[in-house]
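This is what each chain is made of:
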Amino acid sequence: MIATQQQFQIDRLGQLLATNGAVVLDDELQFLTNDEWNEIETLSLQSGLPYETVLIGDAGEPNKVEVGRLMTDVDRPRVVNPEISEKMMSVLGAPRRMAILQKLIGATGPLHMRRAQINLMHEGSFIGVHLDNDSNPDYEIAVVLQLGRAFEGGDFVVHRPDGGQTTISPEFQSVTVSRCDYPHEVRRVDGGVRASLVFFVSDHDGDNRRVRA
């Protein structure tokens, strides 16, 4: 059960998300405990999770990022690297956390994680402008957990329908939630390592309904 004060916080953040396309969650929400942050960081960066270099995204956008996959969603959600991913999913999918996200976007039914991955971005890395809905039209939001402790650049930029931009400079252990129907990008990393875990949430848990050529 979400306390009344938290409900007010979540409602305010939900309004900002609807307007700006992305929002950083308040620390007071305690989206993750210190122990959970430590477990996620260990599983992401110290567990031997395999990474691959991705230069072209799902929408054909140019990228330069190393990706460690936890859950894929090509045709339907599938856990990969299960010895690591299953532990991670049990942390990320805790009922209290999903209840916060459900309230944040005003969903009437349960939410489901459909895709999750770690993005490692070194100096010169970037993610080009894209729509998450090109990967799956049912994605509602992306949740980004910032694991990078010291890096420069790498701003998260949302391109809003009004022609403006929402720019977020993520900090260590920040939680950013973004709408999947707004174009966005990650600007060039100028130094250090920008490490983040991103997972995508939907109220649809069936097959990926993306139209393929």
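The coordinates are above.
Throughout what follows, the structure given in this document is the object of discussion. (Residues numbered from 1 in each chain as written. Predicted model: local features only at pLDDT ≥ 70, side-chain atom pairs only at ≥ 80, totals over all residues. Heavy atoms only, no water.)

Across the interface, helix 2 (residues 34–45) lies against helix 3 (residues 82–92) with an axial gap of 10 Å and an inter-helix angle of 155°. Between helix 2 and helix 3, the crossing angle belongs to the class labelled roughly antiparallel. The handedness of the crossing between helix 2 and helix 3 is left-handed. Taken together, the residues of helix 3 that come into contact with helix 2 (itself represented by Glu36, Glu39, Ile40, Leu43 and Ser44) are Ile84, Lys87, Met88, Val91 and Leu92. Of the residues belonging to the contact of helix 2 with helix 3, the class tally is 6 nonpolar, 1 polar and 3 charged. (Axes fitted to C-alpha atoms, helices over the stretch in contact; angles between N-to-C directions. Helix = DSSP H or I, 4+ residues; strand = E, 2+ residues; numbered from the N terminus. Parallel < 35°, antiparallel > 145°, perpendicular 65-115°, else oblique. Left-handed = near helix turned anticlockwise from the far one by under 90°. Contact = heavy atoms within 4.5 Å. Nonpolar A, V, L, I, M, F, W, Y, C, P; charged D, E, K, R; others polar.)

Residues of helix 4 (residues 95–105) that are buried include every one of Arg97, Met98, Ile100, Leu101 and Leu104, and no others. What you see down the axis of helix 4 is that its buried residues fit within an arc of 155°, all on one side. With its phi angle positive at about 70°, Gly106 sits one or two positions after the end of helix 4. (Buried < 20%, exposed > 50% of the residue type's maximum accessible area, 1.4 Å probe, protein only. Arc of directions from axis to C-beta.)

So, on to the pairing of strand 2 (residues 52–56). Where strand 2 lies against strand 3 (residues 62–72), 4 bridges are found, and the strand directions are antiparallel. Following the sheet pairing, Thr53 is matched in strand 3 by Glu66. Between strand 2 and strand 3, which follow one another and run antiparallel, lie 5 residues, and Gly60 among them has a positive phi close to 85°. (Pairing = 2+ DSSP bridges.)

Every buried residue of helix 3 is accounted for by Ile84, Ser85, Met88, Met89, Val91 and Leu92. Down the axis of helix 3, the sector holding all buried residues measures 155°, keeping them to one side. Across from the buried face of helix 3, at angles greater than 90 degrees, the exposed residues are Glu83, Glu86 and Ser90.

Here the focus is the layout of surface pockets. When its volume is computed, the largest pocket comes out at roughly 660 Å³. Mapped by element, the contributors of at least two residues to the lining of the largest pocket are strand 2, strand 3, strand 5 (112–121), strand 6 (126–130), strand 7 (141–146), strand 11 (175–179), strand 12 (184–186) and strand 14 (194–202). A total of 6 residues in the lining of the largest pocket trace back to one element, the largest contributor, which is strand 3. Counted by class, the lining of the largest pocket contains 20 nonpolar, 13 polar and 9 charged residues. In this structure, the second largest pocket encloses a volume near 310 Å³. Asp27, Trp37, Gln173, Ser174 and Val175 are the residues nearest the centre of the second largest pocket, which is lined by 19 residues in total. Put simply, the parts of the chain that give the lining of the second largest pocket at least two residues each are helix 2 and strand 11. Of the residues belonging to the lining of the second largest pocket, the class tally is 9 nonpolar, 7 polar and 3 charged. (1 Å grid on protein atoms, 1.4 Å probe; cavity = no way out; pocket = protein on both sides within 12 Å on 5 of 7 lines; lining within 4 Å. Points joined across faces, edges and corners; volume = space filled by probe spheres on them.)

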